[in-house]
Amino acid sequence: RSFKNTEEGLLQLKILKRLAQTADLTLALFDPHKAGSARDFYKEILPNTVSSDRTIFVLNRIDECPTINDLLQIYGTLCFGLARDLQLIDVPKILLTYSQKKEEQLKTEQPNHYLNFIKNQRQTLVDSVLKAPLHQLSHTISYLNKQTTNLTLLLDALINIKKTRRSRMLRVSLLGF
């Protein structure tokens, strides 16, 4: 659904954006049946957080894909959506996760099922979440550096405006207007 359709939706979007900016880690979880339907999320929230150590993209519940062809189609849709809406040249790493119960069940009941050949990256995701607070100082320094750069650009612009105004005032006074 689109956040922008209602006043409540705009407020939710604003809150999510702020949370994503201040979070140690942002998980972008995509379900197989909705892999390409998160345009507001792509355009409004992720551009503020995308960096290799602060955002993890996850295609979740891939065990819901009946065949590997379906999984590849969904994965391609997700990659296309991320590249298009975030205007990225390289698609970020996307973790593939599915139920541990399903993983154990398939190993015993269906040894040739395609999921038996795809590593469940659930533990990688858990490890990343647990390590996220360790990067808090680095993220704070990065945030301050970005804000300092923005402030420097603003001050430079204001100084240039003041110089331009002075030179115009000087010309006007010399010309006698």
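We now turn to the structure provided with this report. (Residues numbered from 1 in each chain as written. Predicted model: local features only at pLDDT ≥ 70, side-chain atom pairs only at ≥ 80, totals over all residues. Heavy atoms only, no water.)

### Thoughts on the pairing of strand E2 (residues 55–59)
Counting buried positions along E2 gives 5 out of 5 residues, so the element sits mostly inside the fold. Judged by which residues are buried, E2 turns out to be covered on both faces: Thr-55, Phe-57 and Leu-59 on one side and Ile-56 and Val-58 on the other are all buried. Taken together, the 5 bridges between strand E1 (residues 26–30) and E2 define a ladder with parallel strand orientation. If you follow Leu-29 over to E2, its bridge partner there is Val-58. For the crossover that starts at E2, traverses helix H3 (residues 68–86) and ends in the parallel strand E3 (residues 94–96), the hand is right-handed. (Buried < 20%, exposed > 50% of the residue type's maximum accessible area, 1.4 Å probe, protein only. Helix = DSSP H or I, 4+ residues; strand = E, 2+ residues; numbered from the N terminus. Pairing = 2+ DSSP bridges. Right-handed = clockwise from strand over helix to strand, strands pointing away.)

### Side note on the pattern of salt bridges
Summed over the entire model, instances satisfying the criterion amount to 2 salt bridges. Salt-bridge contacts for Arg-61 lead to Asp-31; the nearest nitrogen and oxygen are separated by 3.5 Å. You can see Arg-61 sitting in the loop between E2 and H3 and its partner Asp-31 sitting in the loop between E1 and helix H2 (39–45), a full 30 residues away along the chain. Owing to a relative accessible area of 35%, Arg-61 belongs among the partly exposed residues under this scheme. Between Glu-64 and Arg-61 there is a salt bridge, and its shortest N-O distance comes to 2.8 Å. Take Glu-64: its relative accessible area is 32%, and that puts it in the partly exposed class. Three or more residues joined by partner-sharing salt bridges are found here, namely Asp-31, Arg-61 and Glu-64. (Salt bridge = Lys/Arg side-chain N within 4 Å of Asp/Glu carboxyl O.)

### Concerning the side chain of Asp-63
Considering the arrangement of structural elements, one finds Asp-63 in the loop between E2 and H3. Buried charge without a salt bridge: Asp-63, with Lys-102 as the nearest opposite-charge side chain at an N-O distance of 5.4 Å. Ignoring sequence-local partners within four residues, the contact set of Asp-63 consists of Tyr-98, Ser-99, Lys-102 and Leu-115. (Lys, Arg positive; Asp, Glu negative; His and termini not counted. Contact = heavy atoms within 4.5 Å.)

### Overview of the nonpolar core
Counting residues in each nonpolar core, the largest one holds 19 residues, and the members touching the most others are Phe-30, Phe-57, Leu-59, Ile-62, Leu-71, Leu-82 and Ile-94. Where this core is concerned, the elements lending two or more residues are E1, E2, H3 and E3. Here this core takes 6 residues from H3, the largest share from any one element. One finds Leu-25, Val-58, Leu-95 and Leu-125 within the second-largest nonpolar core, a separate group that totals 6 residues. (Core = buried A, V, L, I, M, F, W, Y, C linked by side-chain atoms within 4.5 Å.)

### Quick word on the sheet that holds E2
Spatially, E1-E2-E3 is the arrangement adopted by the 3 strands of the open sheet, whose pairing is parallel. Here the strands that pair on one side only, and so sit at the sheet edges, are E1 and E3. Pairwise comparison of adjacent strand axes, ignoring direction, gives a mean angle of 30 degrees for this sheet. (Axes fitted to C-alpha atoms, helices over the stretch in contact; angles between N-to-C directions.)

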